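Structural features, examined
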Amino acid sequence: MVTLERLDKFYLTRQPVVKALHNISLKVSEGEFLVVRGPSGSGKSTLLLAIGGMLRPSAGKVLVGGQDIYAMPARERARFRAKNIGFIFQMFHLLPYLNIMENILLAAGASTVNFGKQKAADLIKQFGLSGRAMHKPSELSVGERQRTAIGRALVNNPKIILADEPTGNLDPDNASEVLDYLKNFQRINGTVILVSHGHMADEYADRVLQLRDGHIVDS
Amino acid sequence: MILHLIKKEIALRKINFTFSVFAVFLAVALFIAFYTSNEASRRETIRLTRDMGFNLRIIPANTDMDAFWQNGFSDTTMPEENVQRFRTYKDFSFAHLTATLHKKLRWREMDIVLTGIADEIEPSGRQKTPMIHLVEPGTVIAGFEIARHLNLQEGENINLLNKDFRVAKILAESGSIDDIRLFARLPEVQELLNMSGRINEIRALNCLCLTADDQDPLLLLRDQLKAVLPKAKVIMDKTIAVAREKQRLMLENYFAFIIPFVVVACALWIASLVFINVRDRRHEIGVLRALGYNGGYIAGLFLGKAMLVGLLGAFFGYLAGTLFSVWYGPEIFKVTASEIKPIYILLIWSTLAAVGFSVVAALLPTFIAITQDPAEVLRGE
């Protein structure tokens, strides 16, 4: 489903060049749950953004569903991302002025395949947010916010979920709940790539990779 | 969807939006207020500068200039019909032509100047408010010093060179030779002085508005006059003429400066607010990008909001500017207040201009928004 070929990402700064990712080659199968673990600054988020078509690598290729996503024009890549990839962030990044329903529908709006309100309503029900659909993010608990973010990631029926520390701000119960939802997504043949600095997600994973200083050091 | 997002975002960040609308409101309101009251202001300026007095004196060419400056008028005369020649001559750039006859007299043990004034003639044929004292037949208008010295009262009957007159009015102190002047109608003064059909001066007001920057207005006038009255010469009171010109230019320059200044200040104001808005929404922009929204959509969010700012600012600015002019303009321009009327077409033009202005002011911050690296924001959390 996802193939990385000799991926490099360098950041040009005033300091010597920062090598965020170095010579990463990786294959993630369709329906696989992959956890990439590593300390802060190891390149986890960079890796995730590069896979999601958000961060052009300095060298190498990113193939998603067999397509080289950085060979696509930006507009086409954005459409591809909206249709095939769902993002979940540690800080949720819900739009503060939209209610829960609208936040979930926001992702649907960017996709050419619009599943509309019914799908959003189903997700809200599935994630136990039925009484909160018209609430703003500031009126929700952190667990509810993250469930909303998962709903937003799933509303377009993506093939891949890219989750950046999705449990980082949650208590153990909420964290387990979030990981359960991701596991459920995997069960319907979805691919999950989750980056984390902790071990909590390891038991849900089919495979765990260790990233350190931009290198995969263990698998 | 995009309008919905704009509306919701505005509801969240009301202060930023209100200040942006206020910037456009201010620019439009000032412009509309200036523009709506401009005609009144222009006419008021004309009136004020007119009240500074005549700036042209046309006298017989053979006038002894030493005596002229000593006495304040020419010691020789010219035919009264000279003033009529201006009616048919189209190229004059001056107005308020008045034929006068002056004579020094000893009256009631006092040296006075008797001045006969004819009705004003407008070469343009337009009706204008007269600059001269309007004197009714059989009456005189007395200067301040004459009235004080001889204890004259308004309504009192006097005898002047064996003819009876009524004192119609006593002038306020002017600080000029007018204080010892006795004004009467020209035909009556000509009859009293036995100088029928004669005058010794034509007074006029020149606007200098037809004079190019590199032209000497006096030379131009003398050329004009030579064609009509070869036996007359023109003298210009440059103090008054230049003051009029300076006043007119000052007003034009003032408007030419203040409007662009306000517009630029408001544009910077809006640009700053949009920039702050872009900075506050960096994560939001990053997420929208991650969700698959392209740069055009992001630009639409900011430019759409800017258009809304322009629309609302223009509408309320037009209303405020017009109401301000209509309500307070007459307090400022008391005489020409009737010229202040709402100009409805300006609502359309100011709306178009304000929307364009607001969008242009938002362009740079919007460009920053769509070119910012979303990964930079999302990675840095």
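Use the structure listed above.
Residues numbered from 1 in each chain as written. Chains lettered and ligands numbered in written order. Predicted model: local features only at pLDDT ≥ 70, side-chain atom pairs only at ≥ 80, totals over all residues. Heavy atoms only, no water.

Details of the overall build of chain A
When helices and strands are tallied, chain A shows six helices and ten strands. Expressed as a percentage of its 219 residues, the buried residues of chain A come to 58%. Across chain A, every contact between residues at least 6 apart in sequence was considered, and the portion connecting residues at least 24 apart equals 70%. Here chain A displays about 9,400 Å² of accessible surface, and carbon together with sulfur accounts for 47% of that area. (Helix = DSSP H or I, 4+ residues; strand = E, 2+ residues; numbered from the N terminus. Buried < 20%, exposed > 50% of the residue type's maximum accessible area, 1.4 Å probe, protein only. Contact = heavy atoms within 4.5 Å. Areas by Shrake-Rupley, 256 points an atom, 1.4 Å probe, with all protein chains shown as cover.)

Comments concerning the sheet that holds strand β1 (residues 2–11) of chain A
Residue and element names in this part refer to chain A. Strand order in the open sheet formed by four strands is β2-β1-β4-β5, and the pairing between neighbours is antiparallel. If you trace the sheet from one side to the other, it starts and ends with β2 (18–28) and β5 (67–68), each paired once. Pairing of strand β4 (residues 59–64) with β5 involves two bridges; the strand directions are antiparallel. Bridge assignment links Val-64 to a residue of β5, and that residue is Gln-67. Sitting on the sheet, helix α1 (residues 44–51) is in contact with β1, β2 and β4, with an inclination near 125° to β1. (Pairing = 2+ DSSP bridges. Axes fitted to C-alpha atoms, helices over the stretch in contact; angles between N-to-C directions.)

Some points on the packing of helix α5 (residues 142–154) of chain A against helix α6 (residues 172–187) of chain A
Residues and elements named next belong to chain A. Interaxial distance between α5 and α6 falls to 10 Å at its minimum, and their mutual angle equals 15°. As far as their axial angle goes, α6 and α5 are roughly parallel. Seen from above, α5 lies across α6 with right-handed handedness. Where α5 approaches α6, its residues Gly-143, Gln-146, Arg-147, Ile-150 and Leu-154 are matched on the opposing element by Asn-174, Glu-177, Val-178, Tyr-181 and Phe-185. Taken together, the residues that form the contact of α5 with α6 break down as five nonpolar, three polar and two charged. (Parallel < 35°, antiparallel > 145°, perpendicular 65-115°, else oblique. Left-handed = near helix turned anticlockwise from the far one by under 90°. Nonpolar A, V, L, I, M, F, W, Y, C, P; charged D, E, K, R; others polar.)

Here's the deal with the environment of B:Asp75
All names here are of chain B. Relative to the elements of secondary structure, Asp-75 occurs in the loop between α4 (65–71) and β2 (78–79). The sequence separation of Asp-75 and Asn-62 amounts to 13 residues, and the corresponding C-alpha distance is 9.4 Å. Contacts of Asp-75, omitting those with residues within four sequence positions, involve Thr-63, Asp-64 and Ala-67.

Considerations on a nonpolar patch on the surface
Taken together, B:Phe315, B:Phe316, B:Leu319, B:Leu323, B:Phe324, B:Val326, B:Trp327 and B:Tyr328 make up a surface patch of nonpolar side chains, about 790 Å² in accessible area. With respect to the element layout, B:Val326 can be found in helix α11 (residues 295–332). (Patch = residues over 30% accessible without salt bridge, like charges linked within 9 Å, V, L, I, M, F, W, Y side chains within 5 Å. Salt bridge = Lys/Arg side-chain N within 4 Å of Asp/Glu carboxyl O.)

Focus on α5(A)
Between the first and last C-alpha of α5(A) there are 18 Å, a value that for 13 residues agrees with the 18 Å anticipated at 1.5 Å per step. The element α5(A) is largely enclosed, with a buried count of eleven among its 13 residues. (Expected span 1.5 Å × (residues − 1).)

So, the nonpolar core
In this structure, A:Leu4, A:Ile161, A:Leu182, A:Ile193 and A:Leu194 are the most contacted members of the largest nonpolar core, which totals 117 residues. For this core, the element with the most residues is helix α9 (residues 238–280) of chain B, which contributes nine residues. With sequence-adjacent residues up to four places away left out, A:Leu194 is seen in contact with A:Phe33, A:Leu34, A:Val35, A:Val36, A:Ala163, A:Pro166, A:Leu179, A:Leu182 and A:Ala201. B:Met78, B:Val83, B:Leu101 and B:Met110 belong to the second-largest nonpolar core, a separate cluster that totals 41 residues. (Core = buried A, V, L, I, M, F, W, Y, C linked by side-chain atoms within 4.5 Å.)

What to know about the environment of A:Arg132
Residues and elements named next belong to chain A. Here Arg-132 shows up in the loop between α4 (116–126) and α5. Apart from residues lying up to four places away in sequence, Arg-132 is in contact with Ile-100, Glu-139, Leu-140 and Glu-144. Side chain to side chain, Arg-132 and Glu-144 meet in a polar contact 3.2 Å long. (Polar contact = N/O pair within 3.5 Å; in protein donor to acceptor, adjacent residues only side chain to side chain.)

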